Amino acid sequence: MTRLASALRILAAAAVALLAATAAPSTARADPEPKAPGEFVSLRSVDPTIIQEMRYTTAHNFMGVPVDGYRQPVCILTRPAAKALHEAQTKLLGRGYSLKVYDCYRPQGAVDHFVRWAKDLDDEAMKEEFYPDVDKSRLFADGYIAEKSGHSRGSTVDVTIVRLPAKATRPYVPGEELVPCYAPEGERFPDSSVDMGTGFDCFDTLSHTEDPRIQGAQRANRQLLKGLLGELGFVNLAEEWWHFTYKPEPFPDTYFDFPVTRRSVAGH
């Protein structure tokens, strides 16, 4: 009995040690997630009328899957950028239009997801829509994918113009037949935007804001967006008609990695 009691004591001690060893990782996992600095806000709290179609929370993007870090379809921006968009929206509403945002703050983890996808040359599920004429092996060299993004600094937004009353964008059905993003407006995926000549995130030189092949109403629509936002401090990226950065940026050298959720800016 003495030997049995001793063995039981040894087993009990081992069990206590095992519980202590496994408890530490559980405590680490319980650490709170990073939140946005106080200078960040939900766009909806500044202007609830701006339409939000947050593409990276869905599978309708160039990767074909929801992107890491986008947990809720909410536009987060630095406060100055959000206020400038509100001013632009006020002007547009008087002309029968509305802004629509596709992407705002982007976590560094989402950018890392883009990079991993770009290095997987076998995954071309969405090629026919988003990069039909670009070899995937060229995405880094041609500047379509990079290891850092201005979006992660919080003052960059991907945006378009919608004529009011706005039509709802039909749901994307994974596996549906894809049409090139530069196809005529009536053929490419409909997203309620005025005709800008290409769809959002179209990896093609036709997306360059001043591409000379874009003329007529398409060119006028691009110039309306660029001119309006330019008056309010936004600088357009020449290669993407939809991409604008508010200047001066509150965080010009910081790339954040808090998740895209309402909780990240709760109370701001």
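Since the structure is predicted, the reported quantities are computational estimates derived from the model, not experimental observations.

Let us look at the layout of surface pockets. Over the atoms a probe the size of a water molecule is rolled, and this reveals where empty space is left. Roughly 590 Å³ of volume is contained in the largest pocket. In this structure, the largest pocket is lined by 31 residues; those nearest its centre are Gly143, Tyr144, Leu237, Glu240 and His243. Its residues assigned to classes, the lining of the largest pocket comprises 13 nonpolar, 9 polar and 9 charged. As a volume, the second largest pocket reaches approximately 470 Å³. Every residue lining the second largest pocket is counted, 30 residues in all, and those nearest its centre are Glu185, Pro190, Asp191, Ser192 and Ser193. When residues of the lining of the second largest pocket are traced back to their parent elements, those giving at least two are α5 (127-130) and β5 (156-163). A class-by-class count of the residues in the lining of the second largest pocket yields 15 nonpolar, 6 polar and 9 charged.

A few words on the nonpolar core. By size, the foremost hydrophobic cluster in this structure holds 64 residues, and its most contacted members are Leu85 and Val101. Those elements that provide at least two residues to this core are β1 (40-42), β3 (76-78), α3 (79-93), β4 (97-103), α4 (108-119), β5, α6 (216-231) and β7 (243-246). Take this core: its biggest share by element is 6 residues, from α3. Not counting residues within four places of it along the chain, the set of residues in contact with Val101 comprises Leu43, Ile50, Ile51, Gln52, Glu53, Met54, Cys75, Leu85, Val157, Asp158 and Val159.

Looking now at the packing of α3 against α6. Packed helix pairs are specified by the crossing angle of their axes together with the interaxial distance, meaning the distance between the axes. In the contact formed by α3 and α6, the axes pass within 9 Å of each other and the chain directions differ by 130°. The angle between α3 and α6 places the two elements in the oblique class. Note on packing geometry: the crossing formed by α3 with α6 is right-handed. Counted together, Leu85, Ala88, Lys91 and Leu92 of α3 and Leu228, Leu229 and Glu231 of α6 form the full contact between these two elements.

Glancing now at the pattern of salt bridges. Summed over all chains, the structure comprises 16 salt bridges. Notably, a salt bridge pairs Glu53 with Lys100, separated by 2.7 Å at the nearest N-O pair. Note that Glu53 is positioned in the loop between β2 (51-52) and β3 and Lys100 in strand β4, a separation of 47 residues in sequence. Judged by its relative accessible area of 15%, Glu53 falls in the buried class.

Once that is clear, we can look at the sheet that holds β4. Strand order in the open sheet formed by 5 strands is β2-β4-β5-β7-β6, and the pairing between neighbours is mixed. Unpaired on one side and paired on the other, β2 and β6 (234-236) mark the two borders of the sheet. Relative to β7, β5 runs antiparallel, the two being bridged by 3 bridges. Each residue of the ladder has a partner; that of Thr156, found in β7, is Thr245. On the sheet, α3 packs against β4, β5, β6 and β7 and is oriented at approximately 145° with respect to β4. In this fold α6 packs onto β4, β5, β6 and β7, with an angle of close to 125° to the strand it touches most, β5.

Along its 15 residues, α3 runs 21 Å from first to last C-alpha, staying within 8% of the 21 Å computed at 1.5 Å per residue. All of the buried residues in α3 are Ala81, Ala82, Ala84, Leu85, Ala88, Gln89 and Leu92. Along the long axis of α3, the arc covered by the buried residues comes to 160°, so they all point the same way.

Another aspect to go through is the environment of His113. Structurally, His113 can be placed in helix α4. As a C-alpha pair, His113 and Asp68 span 45 residues in sequence and 6.3 Å in three-dimensional space. The residues contacting His113, other than those within four sequence positions of it, are Met63, Val65, Pro66, Val67 and Asp68.

It is worth spelling out the state of the cysteines at this point. Tallied over the full model, the rule gives 2 disulfides. A sulfur-sulfur separation of 2.0 Å characterises the disulfide bridge that pairs Cys75 with Cys104. Taking the sign of the S-S torsion, about -105° here, the bridge from Cys75 to Cys104 comes out left-handed. Of this pair, Cys75 sits in the loop between β2 and β3 while Cys104 sits in the loop between β4 and α4, and the two are 29 residues apart along the sequence. The pair Cys75 / Cys104 is uniform in exposure class, with both members buried. Note on cysteine connectivity: Cys181 is disulfide-linked to Cys202, with sulfurs 2.0 Å apart. Disulfide Cys181 to Cys202: torsion about the S-S bond roughly 65°, handedness right-handed. With Cys181 in the loop between β5 and α6 and Cys202 in the loop between β5 and α6, this pair connects stretches of sequence that are 21 residues apart. When its relative accessible area of 3% is taken as the criterion, Cys181 is described as buried. Each bonded cysteine of the protein is numbered by sequence order, and under that numbering the disulfide pairs are 1-2, 3-4.

Cut-offs used in this document
- Residues numbered from 1 in each chain as written.
- Predicted model: local features only at pLDDT ≥ 70, side-chain atom pairs only at ≥ 80, totals over all residues.
- Heavy atoms only, no water.
- 1 Å grid on protein atoms, 1.4 Å probe; cavity = no way out; pocket = protein on both sides within 12 Å on 5 of 7 lines; lining within 4 Å.
- Points joined across faces, edges and corners; volume = space filled by probe spheres on them.
- Nonpolar A, V, L, I, M, F, W, Y, C, P; charged D, E, K, R; others polar.
- Helix = DSSP H or I, 4+ residues; strand = E, 2+ residues; numbered from the N terminus.
- Core = buried A, V, L, I, M, F, W, Y, C linked by side-chain atoms within 4.5 Å.
- Buried < 20%, exposed > 50% of the residue type's maximum accessible area, 1.4 Å probe, protein only.
- Contact = heavy atoms within 4.5 Å.
- Axes fitted to C-alpha atoms, helices over the stretch in contact; angles between N-to-C directions.
- Parallel < 35°, antiparallel > 145°, perpendicular 65-115°, else oblique.
- Left-handed = near helix turned anticlockwise from the far one by under 90°.
- Salt bridge = Lys/Arg side-chain N within 4 Å of Asp/Glu carboxyl O.
- Pairing = 2+ DSSP bridges.
- Expected span 1.5 Å × (residues − 1).
- Arc of directions from axis to C-beta.
- Disulfide = S-S within 2.5 Å.

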